[in-house]
Structures are given as structure tokens and as C-alpha cells.
Amino acid sequence: MKDEIDKLVHDLLKSSSEVEAISITGMAGLGKSTIASAIYRDPRVNHHFPTRIWVNVSEDYKARDIYLTILKKFTETDMTSLEDTELAMRAKKHLSQVMFLLVMDDVWTHEAWEDIEKALPINQGSGKVLVTSRHDNVAAHANLRREVNRLRCLTSTESWSLLQVKVYGKESDWPKDSEEIGKKISEKCGGLPLAIVVIGGILVGKLPQEDTRHDEWRRVLESAEIELLKVKDDDMVTSVKSIVGLSYYKMPYYLRHCFLYLGVCPRDFEISTWKLIRLWIAEGFIEDEGDPNKSLEDIAEEYLKELIRRNLVMVGKKNVRGNIKTCRVHDVIREFCKNEALNLLKVISKSLSTGAFHPDISEIRKFRRICVHSHVLDLLKRKLDAPHVRSFICLSKHVVGAETNTLRSVIEAFKLLRVFEGSSIQFPKYDAKITQLIHLRYIAIATGENFNALPSTFGQLLNLQTIVISTSKRTFEIRANIFEMARLRHLKTKAAVVLNLEKKYWGNNNDGVNEKLHTLSNLSTQSCTMETLVKAPSLQTLGISGDTDSLCNVRGLEKLGYLKRLKITNFTPPETSISCLLDAQYLPTKLVTLTLSATNLDWRYMGTLGRLKLKVLKLKDNAFNGDDWEVVQGEFGSLEHLVIERSNLISWTMKEGCLENLKSLSLHTCEKLLAVPLGLAKSLETLEMGNVSANAVRSAKAIEKERSGDVGAFTLILAPGTYVPT
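What counts as what
- Residues numbered from 1 in each chain as written.
- Predicted model: local features only at pLDDT ≥ 70, side-chain atom pairs only at ≥ 80, totals over all residues.
- Heavy atoms only, no water.
- Helix = DSSP H or I, 4+ residues; strand = E, 2+ residues; numbered from the N terminus.
- Rg over C-alpha atoms; globule rule 2.2 N^0.38 Å.
- Buried < 20%, exposed > 50% of the residue type's maximum accessible area, 1.4 Å probe, protein only.
- Contact = heavy atoms within 4.5 Å.
- Areas by Shrake-Rupley, 256 points an atom, 1.4 Å probe, with all protein chains shown as cover.
- Lys, Arg positive; Asp, Glu negative; His and termini not counted.
- Charge placed at Lys NZ, Arg CZ, Asp CG, Glu CD.
- Pairing = 2+ DSSP bridges.
- Axes fitted to C-alpha atoms, helices over the stretch in contact; angles between N-to-C directions.
- Parallel < 35°, antiparallel > 145°, perpendicular 65-115°, else oblique.
- Left-handed = near helix turned anticlockwise from the far one by under 90°.
- Nonpolar A, V, L, I, M, F, W, Y, C, P; charged D, E, K, R; others polar.
- Salt bridge = Lys/Arg side-chain N within 4 Å of Asp/Glu carboxyl O.
- Arc of directions from axis to C-beta.
- Core = buried A, V, L, I, M, F, W, Y, C linked by side-chain atoms within 4.5 Å.
- Polar contact = N/O pair within 3.5 Å; in protein donor to acceptor, adjacent residues only side chain to side chain.
- Expected span 1.5 Å × (residues − 1).
- Phe/Tyr/Trp six-rings, centres within 6.5 Å; stacked < 30°, edge-to-face > 60°.
- Lys NZ or Arg CZ within 6 Å of the ring centre and 35° of its normal.
- Disulfide = S-S within 2.5 Å.

Draft legend 1. Focus on the overall build of the chain. From N to C terminus, the chain includes 23 helices and 33 strands. Against the compact-globule benchmark of 27 Å for 726 residues, the chain has a radius of gyration of 27 Å, which places it among compact chains. Seen through its C-alpha atoms, the chain measures out along the principal axes to roughly 70 × 70 × 65 Å. Scored against the burial criterion, the 726 residues of the chain give a buried share of 52%. Counting only contacts in the chain whose residues sit at least 6 apart along the sequence, the fraction spanning at least 24 positions is 59%. Of the roughly 33,100 Å² of accessible surface on the chain, a fraction of 48% belongs to carbon and sulfur atoms. A gap of 3 Å separates the mean positions of the 99 positive and 91 negative side-chain charges of the chain.

The structure is reproduced here in C-alpha cells:
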């Protein structure tokens, strides 16, 4: 739909004396968000609008979330305590100072647009707003002087091209002997992109059987014809649901529960893949394949990738290595999951007009898994008796403060609970009766002001696999003997965990070793001792936080033969370099990712890191201090991704034969840096910069020029407001 994109880009680039809204409308599955995303990434748009902001609005939006998303582009200051009017005013002030493109995706009501308008510097020609909506009247309300852009369905040629790309990656690879059947399949999709994408996912599943491919695809065509005959000619959304159903019934059984489980997500919700995979495991959807080299997490990740390959799950954010951090499903697919998963899970909602819950409170006891996205505290105030409920899931974009007895309500209502996802509920204090939930495998909660520790009795929950603690505190105490919790695989929190090793909490049984513990995301330096680390020999992810003196006492890392990811954070500004951290004999040899923050090391100690086989290195908040960094031959031969943030580095030079495999470089708030080494041009694919000197930008432009012959092989990304010298 290049013509649609070009027309919209042309309209956006037109000069205007005031902020103007341009709208894209169409039914679900027609590709509104996809078109908007293509425009958002278009080089012409990137050049014209240095500041670009994407906001997912959705049906159940909150105005303050819109304002906070806009403000996040300009400042890292926490503004959640401010009133909506103040947030809107600050957002307007920031937007008035830049050329911006604001994409408001999935706007449902006039009221939503009016809330958006409060944050716009309307009478200034400093930017444009791109609105997507299913409703023409909402789009028209955003700009009464401009016609809405109604997306058309794809032509037969476009449909056929899209199907080829979704199945084979490009048009030219489609086998000639199956071209006729392929075109017939694409025609059955009625020009609806989502239908083509989903049915393409079905065909992908038939690719390995080369000799039977033609017959398999013919059966797909016949099945599609049967499904679409059940649908009225003008009911295209239902036709998409029918094709989603076709894909569902053709997928292997081991994928079905994992797929339907995505119905727990609210509309337009990006779920962390880390969280989703641990939930699948706790629910019992992932079975051990008997391969000692493949963990349950590895198997679950393969399942997720398979659902993505089948075009049923969309990738959200990725990390620097290209691994998937978040994912989501299209609204139409989400509705299918909710409707099909009646025996698997139930979404509880509350009517704003009547105040009644649907389904009725009395029916909740029938379900095994329930999820609630809003009004969760109202639900828990009711006297719930749900003996069959095994999973209680609250996924929300907003954290709500619970009352003192809310946690007790959960415990008493769901006595056989296995999965408790309550990270969007902030519980003010611990409740000792939680140890009654002896079947619990997964718990994620947010802690309030007086919730400072997990007591020793918490260790009685011997079936726990995953513990996630969300807290604003710097430290969090755990008195439970996590090394005696034989099934515990992951302990995740941003606070530095203080493991209280005193006998009065752990008794004389202090000899346990947890062979299954893979994640200790943030351990305090006082607890990061040789005695502790030998109790978790299988650790793959470890974070360590503390002050200068304590960091120097960290020992035992070399014992962690499986450690892949390590993050070290210093709490207090050190007066001297913590060089003791980089003694080669104390570092694990199989590290893949290393993050250092505020460690104030001298650049000459980078040589020690250069001898490790790191793939990812992140240096934040003056992790290294000093003017000069010289990379010598043979160093960082395996490094693929380098991040440097907030550094006083001035001169960066490199010899031949180092950093030969570096693919991406991110430099932010390195104002003194004079230049990026031109030698990086040989391998670099992405260079991202922000708040750097004009000289550094000039050197980046030189790298871009050096790579200009390799079309599409190099991308330079400059943050909004970055000065580009002529």
C-alpha cells in the first residue's frame, strides 16, 4: 500500500500554521497501525520531525497515561504524582519547543481526542498528529477541515504479494508449481491484511513437507472456503476470526493453551516475554522434552517464536541482541482467544453503568483461571468463594494501592492458587497466612511502605518457581532460605536483596544448595559472598548492587560456571576506582552480557574485559572514568553490542584487529567525546547517538558515508534535538 503511505507522508510534510491532525480509519485487521508504523519509521518523516512519539490509546485509556508517555520522551523525572492538568500543561510546553510527530494509535471516542488536545500547542505549526481509529466520526472530530483517510482493502495483486512475503520472506521464492493455489488462497482473504497474515502463518507450518506441500495447501484452501462460507459477505471481521480459528485448529496441541492464554492480556497490552514464559511454565503448559541441554524456559521460548512465525503474535520491543522483550496480539486475535478459551480462563469485567461484574460473582467459583484488568479492588472486596480457581491474574497498565486486608482476601478466596500475578496491585504489608497457599508456583506482587521483607516462614512455599517483587525501595530483605526452596528458579526484583543468613531465621539448616535457581536479578553486596554463591551453582542471571567498599568484597563469581548475564551497580559515588572488580581471576569466564553502572573504573582496566568473550557490554553512569580509551589488538573480538551512557570520555582510539564484530553502538550523554573511531565502519550496522558533541556527530556521518555503498547495511539514529553539523 505504498500509494497510501506516500499520500499520508505528503500530507504530514506540508507546512501548517497550527498543529494539524491527520487520520487513518478502517475496520479491525485492515492495517491501520501497520501503515502508521511504516510512516513513523519513514526516513522522510524522521528527517522532518526530529521528535517522534507513539502512544497506544485504546478503548480503556487514561488521559494521564497519554501525557506521561509524551513527557517520557523529554525527561526521566518521575511525574506520576502530578495532577492531569499539570501533566497536560508540561507536555504542551515540551511539544511547543520541537518539531514533532505524535502518533495516537487506536482512538475510540471524541472524549479521548479532547483529552489529547489538552496537551497540544494547537496555535503553533510545530508538529502534526497522526490518528488511527476504527470510527470515522472520531477521526473527523480530530480535524473537521480535512477528510479522513479511509484505508481500502488490498487489491488481488497486493494480496498475492503480501502472502508470498509472509510465507517465504520475498515474492520471488514462491514455488511455480504452487502459484495457482497460492493466488486462490490470497483471493479468499478478501483483501484483508490480517486474514492474509494469519493464513500465511498456516502455510508456513506446511513448508517442511516439501513432497506433500501442494496437497496440504489445497486442504488449507478448502478449509478456508468452508470457514468463509459460514460468514456473511459484509462481515469481514468475523471472516478474520474464522481464519484465526482455522490456524488454531491446525496448530499442534502443545501450542494451543499457550496461544489461548494470550487472552489474559488487556487490549493493546504489550506483555513482557520473560513474564509470559514463566507464567506458561507455572501453568503447566510447558513439558520437559528430556534434553538436558534444553531448559523449560528454552522450550517455552521456542513455542513463542513458533506463534510469531505463524503470525498470531506480534513482536513488540527487542533488546540490543535482537531478542524479543515484549509481544502482543491483535485485538481480533485477542477476542478469538477469549472466546475460545472458555474452559481455560475467564476475563472478569465490570459494567460502568450498572456496577455489576460479568460474569456474576457467584459464577467465579466455576472457573480455574480468572483475570481482571480493572476494578480489581472492587472485586476483592466481595466475599469470594472460589475453590476451583488455580490462577488469579491482574495485568494492568496502572498500579493500584490495595487496602490492608486485600492480600488476606486473595488468600481466603483462592485457597488452591498456583499462579498469582498481582504486580499491578501494591499491597501495604505482608500477610502471614500466605503460607497457606501451598500449591503456589508463581507470585508477582508490588510492595507498599510497610512491606519490607519476606519472613523465614515464606520458605514453606516449596512449590514456588518464580518470585517477582516490585518495590520502590533500594533494598528488600528475604529471611526465607531460598536455597532450600528446591523448585525456585527465578527471584526477580530491582531492589538489592538482603539475604538474612542469621541462624535465628534459617536455623541450623544452612547447607542447602539450589541447583535449579537461574535468576537472582539483584543481590546486595553484603549477601554476595562465596558462601552464598556456591549455593546457587546454576545461576545464569545475576545482579549485584551496593556501595564502594562492599563491592570490593564480592567474591565467588568465578565459581558460577553457567553465568551468562551479570550486572553490577554502585550505590554511592566512589572516591577511588573500584579496580578490584576487574581482577581476571575473579570473573566468570562464560559471560555473554555485562552491565556496569556508576563503578568509576579507569579505562585501562577495559583490557581485562576485552579478554572475555562478551557479546554485549553496557557501561552506564560513569562506569569508567577518565579522558582516554585505547582498544588494542585482539580485544573484544566477540563483542557485538556496546552501550555507553553518561560518560566523560574524550578520546577513543583503536588499533587494527579489535572490535571486529561490533554490530551496534549506542552513545548517549557523552558530551566530551571527540569522535567515534572510523575503524568501526567495517562491521557496524547501527549507530545510535544522543546528547553528544558536534564533532562526534560529524565522525558518525563519516562512518555513514563510508558505508553508503552498502544499501540498507548501516543505520545512523540521532536522538531528537541532536545538532547535525553541515
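Draft legend 2. How the structure looks around the pairing of strand β22 (residues 541–546). Where burial is concerned, most of β22 is hidden: six out of the six residues are buried. Residues Thr-541, Gly-543 and Ser-545 point to one face of β22 and Leu-542, Ile-544 and Gly-546 to the other, with burial holding for every one of them. The pairing of strand β21 (residues 519–524) with β22 spans four bridges and is parallel. Its bridge partner being in β22, Thr-519 is matched across the sheet by Thr-541. Here β22 runs beside strand β23 (residues 565–570); their pairing, made up of six bridges, is parallel.

Draft legend 3. Structural detail: the packing of helix α14 (residues 273–283) against helix α15 (residues 296–309). Two elements in contact, α14 and α15, have axes separated by 10 Å at closest approach and are oriented at 115°. Classified by the angle their axes make, α14 and α15 are roughly perpendicular. Where α14 crosses over α15, the handedness of that crossing is right-handed. On the side of α14, the interface is formed by Thr-273, Leu-276, Ile-277, Arg-278, Trp-280 and Ile-281, while α15 contributes Leu-296, Glu-297, Ala-300, Glu-301, Tyr-303, Leu-304 and Leu-307. For the contact of α14 with α15, the per-class residue count stands at nine nonpolar, one polar and three charged.

Draft legend 4. Just the pattern of salt bridges, in detail. Counted according to the given criterion, the structure contains 42 salt bridges. Among the salt bridges present, the one from Lys-294 reaches Glu-302, with a minimum N-O distance of 3.3 Å. When its relative accessible area of 37% is taken as the criterion, Glu-302 is described as partly exposed. The partner of Arg-479 in a salt bridge is Glu-477, and the shortest N-O contact between them spans 3.2 Å. Salt bridges sharing common partners tie together Lys-2, Asp-6, Asp-42 and Arg-44.

Draft legend 5. Quick look at helix α6 (residues 110–117). Taken together, the buried positions of α6 are Ala-112, Trp-113, Asp-115 and Ile-116. Viewed end-on, α6 has its buried residues packed into an arc of 160°, placing them on one side of the element. For α6, the elements touching its buried residues are β1 (20–25), α4 (63–72), β3 (100–105), β4 (127–133) and α7 (136–142).

Draft legend 6. Seen up close, the nonpolar core. Formed by 109 residues in total, the largest nonpolar core has its most connected members in Phe-414, Leu-542, Leu-609 and Trp-652. Among residues more than four places away in sequence, those in contact with Phe-414 are Ile-370, Leu-380, Leu-384, Ala-386, Val-389, Phe-392 and Leu-437. Listed in part, the 87 residues of the second largest apolar core include Ile-22, Leu-151, Phe-269 and Cys-337.

Draft legend 7. Broad picture of the environment of Thr-519. Mapped onto the elements of the fold, Thr-519 is located in strand β21. Setting aside residues up to four positions removed in sequence, Thr-519 forms contacts with Arg-489, His-490, Leu-491, Leu-539 and Thr-541. There is a polar contact of 2.8 Å between the side chain of Thr-519 and the side chain of His-490.

Draft legend 8. Representation of helix α10 (residues 193–204). Between its first and last C-alpha, α10 extends 16 Å over twelve residues, near the 16 Å set by a 1.5 Å rise per residue. Restricting attention to buried positions, one finds in α10 the residues Pro-193, Leu-194, Ala-195, Ile-196, Val-197, Val-198, Ile-199, Gly-200, Gly-201, Ile-202, Leu-203 and Val-204.

Draft legend 9. Structural context of the packing of aromatic side chains. The tally for this structure, following the rule as stated, stands at 17 aromatic pairs. Aromatic pair Trp-629 and Phe-636: ring centres 6.3 Å apart, planes at 90°, arrangement edge-to-face. A single burial state applies to Trp-629 and to Phe-636, both of which are buried. Of the aromatic side chains, those joined through ring pairs into one cluster are Trp-603, Phe-624, Trp-629, Phe-636 and Trp-652. The lysine or arginine in question, Arg-474, covers the ring of Phe-571, its NZ or CZ lying 4.3 Å from the ring centre.

Draft legend 10. Region of the structure containing the state of the cysteines. Under the criterion given, the structure shown has zero disulfides. The structure places no disulfide on Cys-327, whose sulfur is separated from the nearest cysteine sulfur, that of Cys-265, by 7.1 Å. Cys-265 supplies the cysteine sulfur nearest to Cys-371, a cysteine that is in no disulfide, at a spacing of 8.6 Å. The class of Cys-371 is buried, set by a relative accessible area of 0%.

Honestly, that's just the spatial picture; any functional story needs more than this.
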